[in-house]
Amino acid sequence: MAGSTLIIKDLHVEIDGKEILKGVNLEINGGEFHAIMGPNGTGKSTLSSAIMGHPKYEVTKGSITLDGEDVLEMEVDERGRAGLFLAMQYPSEISGVTNADFLRSSINARREEGEEISLMKFIRKMDANMEELDMDPDMAQRYLNEGFSGGEKKRNEILQLMMIEPKIAILDEIDSGLDIDALKVVAKGINKMRNEEFGCLMITHYQRLLNYITPDKVHVMMQGRVVKSGGPELAQRLEAEGYDWIKQELGIDDETVGQEA
Ligand SMILES: Nc1ncnc2c1ncn2[C@@H]1O[C@H](COP(=O)(O)OP(=O)(O)O)[C@@H](O)[C@H]1O
Ligand SMILES: [Mg+2]
């Protein structure tokens with residue numbers, strides 16, 4: 001079976017009645033790694049929250065489909081079961097639920113009754129992935145993200161990714177706050193996921209992550225729209241020259257680019 005396709009068409013999203021996304025178009029196929037870059041406050045996290053169905057983010061126009069299925073019609077948990085995964089910019093802490101329990105129930109939520117992963121298989125897979133990510137084995141029994149350092153939270157998001165094996169993942173600033181060693185570990189985990197069944201959208205503020213994970217396509221987001229797309233060379237040019245040349249090319253007024261979060 002070939003991978004999945006996530007199609008976002010003319011997506012408009014409002015928060016508290018204010019339009020943040022103003023017509024986003026994007027298509028991500030299994031086997032592809034995409035990156036979205038853009039200044040602060042241009043709606044990158046809003047896009048990921050809207051895809052995952054955060055109630056605060058109201059879709060006023062446009063569509064999101066996964067293999068032709070209407071994602072906007074799905075409840076949040078259905079979106080996960082359908083194969084979407086979101087690593088949030090600020091992962092939340094859940095007290096009382098251990099990391100291992102959370103991972104196991106997330107895996108089983110995507111399986112039919114009677115097809116649940118065996119405890120042995122689960123533990124073997126978790127141990128192997130935690131070792132791959134240089135994670136302390138004790139973290140499996142800690143409450144989800146509770147007291148985790150910034151870097152530990154990001155590694156833990158990648159652990160979830162490797163365990164749940166979604167069809168399409170959206171990783172929002174998975175690189176922020178990581179030192180270089182942690183960044184390499186996180187990149188190694190993401191690169192390991194590369195296969196025809198898996199598509200990935202990496203949202204990042206810096207080109208740095210893309211030194212370790214080569215994207216197939218790079219998109220620039222400004223003022224709630226994808227204003228430019230290209231290959232990895234686009235990210236390199238942004239790193240070297242910033243965003244000014246794009247603003248000039250598109251005739252975007254400096255004053256109106258982005259809104260500080
Ligand atoms: N939950 C929210 N409540 C109010 N405003 C928000 C919320 N989330 C985002 N915004 C606003 O939407 C705009 C885009 O924010 P965001 O999507 O976080 O940008 P980015 O991720 O590109 O830095 C900003 O002006 C921000 O203040
Ligand atoms: Mg953001």
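Values in this document were obtained by computation on a predicted structure and should not be read as measured data. (Residues numbered from 1 in each chain as written. Chains lettered and ligands numbered in written order. Predicted model: local features only at pLDDT ≥ 70, side-chain atom pairs only at ≥ 80, totals over all residues. Heavy atoms only, no water.)

## Examining the pattern of salt bridges
Definition in use: Here, a salt bridge means any side-chain nitrogen of Lys or Arg that lies within 4 Å of a carboxyl oxygen of Asp or Glu. A run of DSSP states H or I qualifies as a helix once it reaches four residues; a run of E qualifies as a strand once it reaches two. Both are numbered from the N-terminal end. Buried residues are those whose accessible area, probed at 1.4 Å on protein chains only, stays under 20% of the maximum for their type, while exposed residues exceed 50% and partly exposed ones sit between those limits.
If you walk through the whole model with that rule in mind, you get eleven salt bridges. Here E132 makes a salt bridge to K188, at a shortest N to O gap of 3.9 Å. With E132 in helix 4 (residues 119-132) and K188 in helix 6 (residues 180-192), the pair connects residues that are 56 residues apart, well separated along the chain. The partner of K228 in a salt bridge is E249, with the nearest N and O atoms 2.7 Å apart. With a gap of 21 residues between them, K228 in strand 12 (residues 225-230) and E249 in helix 8 (residues 244-250) connect regions that are remote in the sequence. On the basis of relative accessible area, K228 is assigned to the partly exposed category, the value being 24%. Residue classification places E249 among the partly exposed positions, given a relative accessible area of 48%. Salt bridges linked by common partners bring E132, K188 and K192 together as one network.

## Focus: the side chain of N99
Which entries qualify depends on this criterion: Contacts were defined at the residue level, with two residues in contact if any of their heavy atoms lie within 4.5 Å.
Along the chain, N99 falls in helix 3 (residues 99-109). Look at N99 and you get buried, because its relative accessible area is 0%. Not counting residues up to four positions away in its chain, the partners in contact with N99 are M139, A140, R142, L144, F148 and N156.

## Points about the coordination of the magnesium ion (ligand 2)
Octahedral metals with six donors have ideal donor angles of 90 or 180 degrees. Tetrahedral metals with four donors have an ideal donor angle of 109.5 degrees. Keep this limit in mind: With water omitted from the atoms examined, metal sites may look incomplete; donors here are N, O and S atoms no farther than 2.8 Å from the metal, or 3.2 Å in the case of Na, K and Ca.
Around the magnesium ion (ligand 2), the protein supplies S45 (OG) and Q89 (OE1) as donor atoms, at distances of 2.1 to 2.4 Å. With S45 in helix 1 (residues 44-52) and Q89 in the loop between strand 6 (84-87) and strand 7 (94-98), the pair connects residues that are 44 residues apart, well separated along the chain.

## Here we look at the UniProt feature "domain: ABC transporter" (unreviewed entry) in the protein
The criterion, for reference: UniProt positions are given in the numbering used here, feature names are shortened, and annotations may be inferred rather than shown by experiment.
UniProt marks residues 6-248 with the feature "domain: ABC transporter" (unreviewed entry), using the numbering shown here. As annotated, residues 6-248 comprises 34% helix and 30% strand, and the C-alpha atoms at either end are separated by 31 Å.

## Let's talk about a negative patch on the surface
Worth spelling out the cut-off: Each patch is built from residues that are more than 30% exposed by relative accessible area and take part in no salt bridge. Like charges join if they lie within 9 Å; nonpolar side chains (Val, Leu, Ile, Met, Phe, Trp, Tyr) join within 5 Å. Surface accessibility in these figures is a Shrake-Rupley result with a 1.4 Å probe; residues are shielded only by whichever protein chains are displayed. Here Asp and Glu are counted as negative and Lys and Arg as positive; His is not counted, and neither are the chain ends. Taken as the charge centre is NZ of Lys, CZ of Arg, CG of Asp or CD of Glu, depending on the residue.
Together, D127, E131, D134, D179 and D181 make up a region of like negative charge exposed at the surface. Considering the arrangement of structural elements, one finds D127 in helix 4.

## Here's the deal with the site of ligand 1
The condition that has to hold: A cutoff of 4 Å decides nearness: a residue is near a molecule or strand if any of its heavy atoms lies inside that distance of it. Counting of polar contacts relies on pairs of N or O atoms within 3.5 Å, with two restrictions inside protein: one atom must be capable of donating a hydrogen and the other of accepting it, and residues adjacent in sequence are counted only when both atoms are side-chain atoms. For this classification, Asp, Glu, Lys and Arg are treated as charged, while Ala, Val, Leu, Ile, Met, Phe, Trp, Tyr, Cys and Pro are nonpolar and the rest, including Gly, are polar.
In the vicinity of ligand 1 lie 14 residues, with G41, G43, K44, S45 and T46 positioned nearest. Take G41: an N or O atom from its main chain is 2.7 Å from an oxygen atom of ligand 1. In this structure, a nitrogen atom belonging to ligand 1 sits 3.2 Å away from a side-chain N or O atom of Y57. Calculation on ligand 1 without its partners gives an accessible area of 550 Å², and the protein chains cover 75% of this total. Partitioning the shell around ligand 1 into residue classes produces five nonpolar, seven polar and two charged.

## So, unusual backbone geometry
The phi dihedral of D16 is positive, around 45°, even though this residue is not glycine. Among the secondary structure elements, D16 is positioned in the loop between strand 1 (5-15) and strand 2 (18-29). Here D16 falls in the exposed class, since its relative accessible area comes to 64%. Although it is not a glycine, E173 adopts a positive phi angle of roughly 50°. With respect to the helices, strands and loops of the structure, E173 is situated in the loop between strand 9 (168-172) and helix 6.

## Observations regarding the sheet that holds strand 4 (residues 57-66)
Rule in force here: Only when DSSP finds a minimum of two bridges between them are two strands counted as paired.
What the four strands build is an open sheet, ordered 2-1-4-5; its pairing is antiparallel. If you trace the sheet from one side to the other, it starts and ends with strand 2 and strand 5 (69-70), each paired once. Of the strand pairs in this sheet, strand 1 and strand 2 are connected by nine bridges, and their pairing is antiparallel. Following the sheet pairing, E14 is matched in strand 2 by E19.

## As for the pairing of strand 4
Alignment of strand 1 against strand 4, held across eight bridges, turns out to be antiparallel. Counted as the bridge partner of I7 is T65 from strand 4. In this structure, strand 4 lies alongside strand 5, joined through two bridges in antiparallel fashion. What sits directly across from T65, in strand 5, is D70. Counting the residues in the hairpin turn of strand 4 and strand 5 gives two residues, including D67, whose phi is positive at 50°.

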